[in-house]
Structures are given as structure tokens and as C-alpha cells.
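Chains, contacts and geometry: an overview
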Amino acid sequence: MKISYNWLKQFIKLPENAETTGELLTDLGLEVEGIDTFQSVKGGMAGVVVGHVLSCEAHPNADRLNLTRMNLGNGEEVQIVCGAPNIAAGQKVPVATIGTVLYDEKGESWEIKKGKIRGEESYGMICSEKELGLGQSHEGIMVMDNELVPGTPVAELFEVENDEVFEIGLTPNRADAMSHWGVARDLKAGYQQQGKFLELITPSVSSFHVDNRSLKIQIKVDDSNLAPRYCGVTISDVKVGESPKWLQNRLKAIGLAPKNNIVDATNYVMHELGQPLHAFDAGKIAGNEINVKTVEAGTKFTTLDEVERELHAEDLMICDAEKPLCIAGVFGGLGSGVTDSTTQIFLESAYFNPVSVRKTAKRHAINTDASFRFERGIDINSVEYALKRAALLIKEISGGEITSDIDDLYFKKIEDFQVFLTFEKVNKLIGENLEEETIKSILASLEIRVNNVTETGMGLTIPSYRVDVQRESDVIEEILRVYGYNNIKFGDKLSLSVANTSKYEDYKIQNLIAQQLIGQGFYETMANSLTTPAYNDFSDDAKDEYQVKMLNPLSQDLSVLRQTMLFSGLEAISYNLNRKRANLRTFEFGKTYHSFVSGREEKKHLSLFMSGNRTAETWNAPNFPAGNFFYLKGVIESIFQKLGILNTLKTKTGKSSVFSESLQMSTKKSKLVDFGVVKRSILKKFDIDQEVVYADFNWDEIIEVAKQHQNKFSAIPKYPSMRRDFALLLDNSVTYDEIDQIARQTEKKLLKDVSLFDVYEGENLPEGKKSYAVSFVFQDENKTLTDKQVDKMMSKLQYRFEKELKAELR
């Protein structure tokens, strides 16, 4: 939100400069993110002065140029070459002196320098309106009042405005501060806390009166819940045209482009008081009646941006006797707006239901200054005041007469909210004992009325414009922000409580695994849980019937919650590849969402993605692919090893529509992870042309399994281990995992490790066979093993391999 410093000073005579005022605003909770400068004429016409043309003669070397002698008020005469057809001796003209910086229509600067034009020296430039930024005329130089004194800065004559503009990061709860008036109220309270009592100057509407009653527009509201208050008045004989410069400058300073004096007046009052208004061309209102109602679903309506929209049955509309004119609180209609030919207007000021406006704005993807305010809640009791203020301003700048009484439909007056504030809770939440008089002073500066005071607290009345202050804690927050967070003293002691939590808490295990992955070169990502339903076509893992839809999506691409972690991860990989980041290792902790017949389901996952090489390209080392199936398997096993559950898991071939080849690791009861190589057909959808491996962990299941398996620690064995190897001839269908499981089941006590160190397939082997070279490590923690004992265990292993796997020793 942009707030003009000059505009603020119309409400309150600020004793500080803009920078100091910005610091106070930030302390009050209206965070100033930056202060920009605004000049009604870019550059401020610095260096441009009034010049007196002493003489004007034809240029000796050019037919269309003139040599002029100028008095610039500094006691010296200068020569300037000028090509304007209307230049003449005796004129007073604006002269840009040497070193002056001027700006073109695109905002690009150019500096006036001493130069030679066709052999004659020139010490400046005589300017046109366009060159000064004062208008569009460029046919000749600008001729000024002959009474002006040479050397007078031109900026003083044209009231060039210099302003400073605050960019305020407004939080959604501060609906009361969505205007210059609201910000000025906060500043008044802040300065009062510093001992500076400033008067808040509000625009007067005491001169409002009805000139005649020649144009009556009948107002009807169908649903008072959607429009609790609606005011309107007519103004006739207006002359639509340009707004005065001061008004244009106010709007330009906060980033608004002036339209015409009627529209500008409504925008001005909205940013001044926080009350949105709308002006209709009264001549286009059929039947001289306004109906505030909903219309039939599917009704077509063209808004001011010339976009035809299809209305929803719950969209509140402003209609006449025949047709819709405006989407209430959101956007005006193309057919009822003010144009250059408008002579009569109907001026609207209303309070619309915030929820209704928010839904309509989201539904049609429209975000306007009006909807921004209505959505958050405006002051219902300022509706009529703002209408009078706008009507008087329109009369002032466009002429016209007020030709009807104000029709004010206020169905149920909203009373100011009542809160009881206890001193004990104030001191407890703030952490400091505030004096009763200090509390009263702060409340008074915030226009919160103290009705009664008891030994324990005080009864308060909250003004209607503070829609966010409804509870005792809200009032305490108001007291604290005005008192100043920086004024709360630090205590001599630090008190804290130590939580007695399990080491298997989700966040602890998550942090443990995250740190391990980071140590292995992974980067954590955080993707949006909202995604596009188009991804459902890419795999069978996401289905239309299971998706959770958003009621008011921001766009079609963010209209459903994700059913899988895969596609958001591939979006990140594609984004990085497009920016020449080819070597990627990422992980994400996130959730997936499904809607089943039995109800909605939300599950937490850990996803891993790897693609490209493990290290950057270098001349003295080979490139090892990170997007490698077996490298991913090693990372997954290291995670389960860290959690102490690796040896409890079984590995088998996975079945998934997203993998070209995959494995699955699980316990007897639940699947913990699916991982594999993502199909090329899916990668192509994301413009990824290199291999990607992906793992999807069921994190909720992993936490439960981890809780049931505690790590056990033992002393380092004193006695040596013994290793024996087998070269096994096996069918191609036999997996290493089967060998590992049989071995560990056969000798549970002394077998410490099994590993595969060589695989051979090819010549000299029977068809359909392969050779696995497997090592076995044995160790007794209480004594040294003998060869006889190890031979016996190896015989057992050989027997089982031959019986269950049809293995042969080579």
C-alpha cells in the first residue's frame, strides 16, 4: 500500500521528516518497506529559469535557426541557438541552463551541454511545454508572462510538487489503516505516546446540502446480509474533464493514473478515507432505479476492462430496472461508467459483506482497490460521511448540483463492540506492569472509549472502524504496539520450561534425516501443495476422482491439492535445467491429499530426486552419475540404517506407472518406500532430457516403524572376524536380496555381514545363468572362531542355497 507524505500532512501536522515518520509507522505495526520520491515533473525542472530574449537574429549558416541573446538574471548575457518558429525578441521564456537534466516521455534523461550548432556556440536550450513535462505542445517554445523576472526558477511558477511515498506492507488485519486518514490516526497515537499531542484534521462536510430534487433514483436492496448498508445521491450538470493538477499529483504519487474528474474524485476519497465509491452515468440507469441483488447464474456481463464474464448465482450485482450495471464491491460495468458526455451521475457509497466480495473477486480473478478494502472490512459507520465528502469534491472540481436527498438504507445499525479489559492480563501478556493512566492514555489516543473502571479492569467500547479488535487480547496488542515493543525492558532472569519429549518425535527424526541428506550433497526444496489437475493424465498414481479441489482457486494451474510428490519435484528439476543447473540432488518433506468415498486423507512423504552427475565436470576425474538407480538405493539404505530399521526390511520389485524400473522396500505390514527410474514419457512432459531417479517415502509409516525398533549399542569386539567367499551359479531370476535373507536366517548369531562383490554374465556360463561372488563375515564376541566352526556354517549356507535357490558352487 502506498501512502503519500504530503497527503498525510493534510490530516496531521507532522513534526518529523519522512524517514523518522516511517520509523514510527514501522514501530506501530505499519511496516514501511521503502520510501520512494515523487515529482509531478520528473527532475523537478531543476536548472530551468526564466530567460529574457534580448535579441533574435537569423542564424548565418542555417535558414530555420535563430541566434538569440538571453538575460538569465545572473548579470551576464548568453547566446542560445533556437529553431522554434515563434521565438521573438522581448519574450520571457523557460531556459534550461548548462548542466540541467531533462527527461523524455519514456523517462530517459539527457543533459544540456555547451555546444556548437552550425558553427555557432549555444549555452543552453529554450524549452517547449513538452520538453519541460508540462504538456504535449511541441510546435514552438513556451512563451511566459512578460512580467516575470529573469532568473526566476520555473519550478516555483508551476508549483512542481515533490513528495515522498511510503510503501507499507499492510497486514490483513489492519483494515482500519487502508487509507491516509487511517495511517494519520495511528501516527497521532504514536506521537502522543512520545508526549507530542497533535490534532487530527478531518475533511469537513458541513457545507453539504441539496441544491434541488430534480433527479431521484429509487434504491432497493434484496438481501441486507449481502449489503447491510447502501447510500446513494445524484449530482447533475457536471462537466467531465481533466482533474486539477493538485488532485492528479495526489493520485500519481500513489501510482494511480488520472482518468477524469469524476472517477478521480472517487479514487481520491477512497484512498483518503478508506471508503470505496462508484459513480454511475445516471442517464444509463434504466427506470431511474437501483436494485442491489443477485442475478441468474450464467448471465453475461462486460466489465470496465472490456472482458465478458459469466456471473455466478452468488455474485452480488448493482442493477437497474433492466440489466446489471456493476459487480458490487469489485468492478464496474462497461455500459454504465462515466464518459466525456456524462452530465448526470448517481454516486454510490456502501458496505458489502466481506465474505461475499472476497468470493466474487476470487471467482472472477479480479483484484481491485475497492475489493481489497471491502474484503477486509471497512467502517460501516463512515459510509454516509464518505459519500458527502465525495459529492462536495465532485461539485468543487466539475461543477454541478446535488439533485437528490441521500438515500441511506441502513437496515440494522451495528453497535460498537464492547470488551472488558483486566489489568492482570495486560501485565501478564505484555510482561511489564503498566500504570493505569498509561493504559487509559493509549486507549484514548486509539479512540477506544473507557466506559467504567473497577479494581480489576475497565469496560471499553471499540470504534466501529477497528473490525479486527474483538477480544481482550486484541486490545492488549493495540496497547503494546503503541506503547512500543522496544520499550519493554529485559528481565534479569530467563525462565523457560524443558519439554519432556520422545526422541521419536516426527520433527526430531525429520531434522536428523534432513541433516544426513544435506551432508550427502542434497538440497531441500519446498513446493506448493496446490497444483494443476492436468498432471492426473500423466500417471495412474493421480486420479481425477481422488483429487481435492479448491473452492476458490487462484488459477486453473493451482486448483487442486497434489496427490503425489513427483510432479512438483519434476517442476523444480525442469526449472533448474533451464537455468543450466544440470547436477541435481533434492529432497522435500511434504504432504499429499486424496478424497475417497470414506473421507479425505492427508499423508506426509519424503521425496528424493537425483539427476545429472554427482560432481561438477573436471579434467582429472570421471563423471559418476547422480541419477543412478543403485546410487539412489545406497542413499535410501543409509536413511534406514540411520533409523536402525534397515535389517528389518524386505526388498522386492515395485509396481508403479511412473517408473520404467523400480524397487520397493517394506516391512511385513506396510510399504515404506518406492524408488526407481522415472519414465521417459513423463520426463518429456516437463522438457527433461536426462535420466531422473526418484524415491517416495511414506513418512508416517516410517515414524511408526522407527518407534518400534530401538537402536542397540555394544562394545567393540575383542576377537577377530573371519571371511569366506562363495562363487554361486544361479538362475537369472534369483536376486541378491534372496541370498542375503537366507544367509541371515541360517546363521543369526555369528554371521555379521553379507556382501556381493562380483557379478558375471556372459561366455562360459549356461544360458539363463549368472554368477554371484558373495562374501560372508563371521565373528564371535566371546572367543576366536576356528576354521572348523566356520566350515560348518559355510556348509549350512551351501546346503540352503542349493536347496532353495538351485545354486551351484563354481
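Quick note: structure is the one above.
1. Some details on the overall build of the protein chain
Helix and strand counts for the protein chain come out as 20 helices and 40 strands. Its C-alpha atoms give the protein chain principal-axis dimensions of about 125 × 85 × 65 Å. The buried share among the 810 residues of the protein chain stands at 48%. Put simply, 70% of the contacts in the protein chain that link residues at least 6 apart link residues at least 24 apart. On the protein chain, roughly 41800 Å² of surface is accessible, and the fraction owed to carbon and sulfur atoms is 47%. Averaging the positions of the 96 positive and the 117 negative side-chain charges in the protein chain gives two centres separated by 9 Å.

2. Concerning the nonpolar core
One finds Y230, I290, F352 and L421 to be the most contacted residues of the largest nonpolar core, which totals 118 residues. Of the residues forming this core, the biggest block, 10 residues, is contributed by helix α10 (residues 383-398). Aside from chain neighbours lying at most four places away, what touches I290 is I217, Q218, I219, K220, Y230, I285, I318, C319, L325 and F346. Core analysis: the next-biggest nonpolar cluster, separate from the first, contains 36 residues, F522, F589, I636 and A695 among them.

3. What to know about the sheet that holds strand β2 (residues 31-39)
The 3 strands are arranged β1-β12-β2 in an open sheet whose pairing can be described as antiparallel. Looking at which strands have only one partner, the edges of the open sheet turn out to be β1 (2-4) and β2. In this sheet, adjacent strand axes meet at a mean angle of 30 degrees when their direction is disregarded. The pairing of β1 with strand β12 (residues 162-169) spans 3 bridges and is antiparallel.

4. A few points about the sheet that holds strand β11 (residues 125-126)
With respect to topology, 5 strands assemble into an open sheet ordered β5-β4-β3-β6-β11, the strand pairing being antiparallel. The open sheet terminates on both sides in strands that have one partner only, identified here as β5 (77-82) and β11. Bridge count for strand β4 (residues 66-71) against β5 is 6 bridges, and the pairing is antiparallel. If you follow N71 over to β5, its bridge partner there is E77.

5. Describing a nonpolar patch on the surface
A cluster of nonpolar residues, L494, L496 and V498, forms a patch on the protein surface that exposes about 420 Å² of accessible area. Along the chain, V498 falls in the loop between α13 (472-483) and α14 (506-519).

6. Structural notes on empty space enclosed by the protein
Applying the stated criterion across every chain yields a total of 4 cavities of 30 Å³ or more. If you add up the space inside the largest cavity, you get close to 160 Å³. Lining the largest cavity are 15 residues, and of these R185, L273, G274, D379 and Y465 sit closest to its centre. It is helix α5 (residues 180-193) that contributes the most residues to the lining of the largest cavity, 3 residues altogether. Per-class residue counts for the lining of the largest cavity are 6 nonpolar, 6 polar and 3 charged. Of the volumes computed, that of the second largest cavity is approximately 80 Å³. Forming the walls of the second largest cavity are T531, T532, Y535, N536, A542, V560, L561, R562, Q563, T564, F567 and S568. Secondary structure elements with two or more residues in the lining of the second largest cavity: β30 (560-561) and α15 (566-577).

7. Examining helix α11 (residues 423-430)
Every buried residue of α11 is listed here: F423, V426 and I430. Buried positions in α11, seen along its axis, are confined to an arc of 60 degrees and lie on one side of it. Facing away from the buried surface of α11 by more than 90 degrees, the exposed residues are E424 and K428. Where α11 is buried, its residues contact β25 (417-422), α12 (436-445), β26 (449-453), β27 (457-462) and α13.

8. Remarks on α12
Because an α-helix completes one turn every 3.6 residues, residues spaced three or four positions apart along the sequence face the same direction. Taken residue by residue, α12 has I439, I442, L443 and S445 as its buried positions. Buried residues along α12 cover an arc of 160 degrees about the axis, so they all sit on one side. The positive-phi residue at the C-terminal boundary of α12 is E447, with phi of around 65 degrees.

9. What to know about the layout of surface pockets
Its volume calculated, the largest pocket comes out at about 2000 Å³. Breaking the lining of the largest pocket down by element, the ones donating at least two residues are α16 (629-643), β33 (650-653), β34 (659-666), α18 (699-708), α19 (736-746) and β38 (751-760). Residues belonging to the lining of the largest pocket are distributed by class as follows: 14 nonpolar, 18 polar and 16 charged.

10. Topic: the pattern of salt bridges
This model, assessed by the stated rule, comprises 44 salt bridges. Of the charged contacts, one joins D176 and R466 as a salt bridge, the two residues approaching to 3.3 Å between their closest N and O atoms. Placement of D176 in the loop between β12 and α5 and of R466 in the loop between β27 and α13 is noted, with a sequence separation of 290 residues between them. Here D176 matches R466 in class, with each residue buried. Note that D407 and K216 form a salt bridge whose closest N and O atoms lie 3.5 Å from each other. A residue pair is termed long-range when its members are at least 10 positions apart, and D407 in strand β24 (residues 407-410) and K216 in the loop between α5 and β13 (218-221) qualify at 191 residues. Using a relative accessible area of 17% as the deciding quantity, one classes D407 as buried. In the salt-bridge network here, residues are joined through shared partners; they are R174, D176, D186, R466, D468, E478 and R481.

11. What to know about unusual backbone geometry
Most peptide bonds are trans, and most residues other than glycine sit at a negative phi. Backbone geometry places D237, a non-glycine residue, at a positive phi of 60 degrees. Position of D237 among the secondary structure elements: in the loop between β14 (229-236) and α6 (245-253).

12. Focus: the packing of aromatic side chains
The geometry of two aromatic rings is summed up by the distance between their centres and the angle between their planes. Summed over all chains, the structure comprises 24 aromatic pairs. A ring pair is formed by Y535 and F567, whose centres lie 5.1 Å apart and whose planes are at 35 degrees; its orientation type is tilted. Taken together, the residues Y535 in the loop between β29 (530-531) and β30 and F567 in helix α15 connect sequence positions 32 residues apart. Summarising the burial analysis for this pair, Y535 and F567 share the class buried. Between the NZ or CZ atom of R185 and the centre of the ring of W181, over which it lies, the distance is 5.2 Å. Positioned over the ring face of F757 is R723, at 5.1 Å from the centre of the ring.

13. Re the side chain of N698
Counting through the fold element by element, N698 comes out in strand β36 (residues 692-698). Taking relative accessible area as the criterion, N698 reaches 16% and is therefore assigned buried. Those residues in contact with N698 that lie beyond four places of it in its chain are K604, H605, K671 and L672.

14. A few points about the pairing of strand β35 (residues 671-678)
Here β35 lies mainly inside the structure; 7 of its 8 residues are buried. Taken together, the 7 bridges between β34 and β35 define a ladder with antiparallel strand orientation. Each bridged residue has a counterpart across the sheet, and for F659 the counterpart in β35 is V678. Taking the residues that link successive antiparallel strands as the turn, the β34-β35 hairpin has 4 residues. Direction of pairing for β35 relative to β36: antiparallel, over a ladder of 5 bridges.

15. Thoughts on the pairing of strand β16 (residues 289-294)
Examined bridge by bridge, β13 and β16 share 4 bridges and lie parallel to one another. Bridging from a neighbouring strand, I219 pairs with I290 of β16. Pairing of β16 with strand β19 (residues 316-319) involves 4 bridges; the strand directions are antiparallel. Its bridge partner being in β19, T294 is matched across the sheet by L316.

Thresholds, definitions, all that
Residues numbered from 1 in each chain as written. Predicted model: local features only at pLDDT ≥ 70, side-chain atom pairs only at ≥ 80, totals over all residues. Heavy atoms only, no water. Helix = DSSP H or I, 4+ residues; strand = E, 2+ residues; numbered from the N terminus. Buried < 20%, exposed > 50% of the residue type's maximum accessible area, 1.4 Å probe, protein only. Contact = heavy atoms within 4.5 Å. Areas by Shrake-Rupley, 256 points an atom, 1.4 Å probe, with all protein chains shown as cover. Lys, Arg positive; Asp, Glu negative; His and termini not counted. Charge placed at Lys NZ, Arg CZ, Asp CG, Glu CD. Core = buried A, V, L, I, M, F, W, Y, C linked by side-chain atoms within 4.5 Å. Pairing = 2+ DSSP bridges. Axes fitted to C-alpha atoms, helices over the stretch in contact; angles between N-to-C directions. Patch = residues over 30% accessible without salt bridge, like charges linked within 9 Å, V, L, I, M, F, W, Y side chains within 5 Å. Salt bridge = Lys/Arg side-chain N within 4 Å of Asp/Glu carboxyl O. 1 Å grid on protein atoms, 1.4 Å probe; cavity = no way out; pocket = protein on both sides within 12 Å on 5 of 7 lines; lining within 4 Å. Points joined across faces, edges and corners; volume = space filled by probe spheres on them. Nonpolar A, V, L, I, M, F, W, Y, C, P; charged D, E, K, R; others polar. Arc of directions from axis to C-beta. Phe/Tyr/Trp six-rings, centres within 6.5 Å; stacked < 30°, edge-to-face > 60°. Lys NZ or Arg CZ within 6 Å of the ring centre and 35° of its normal.

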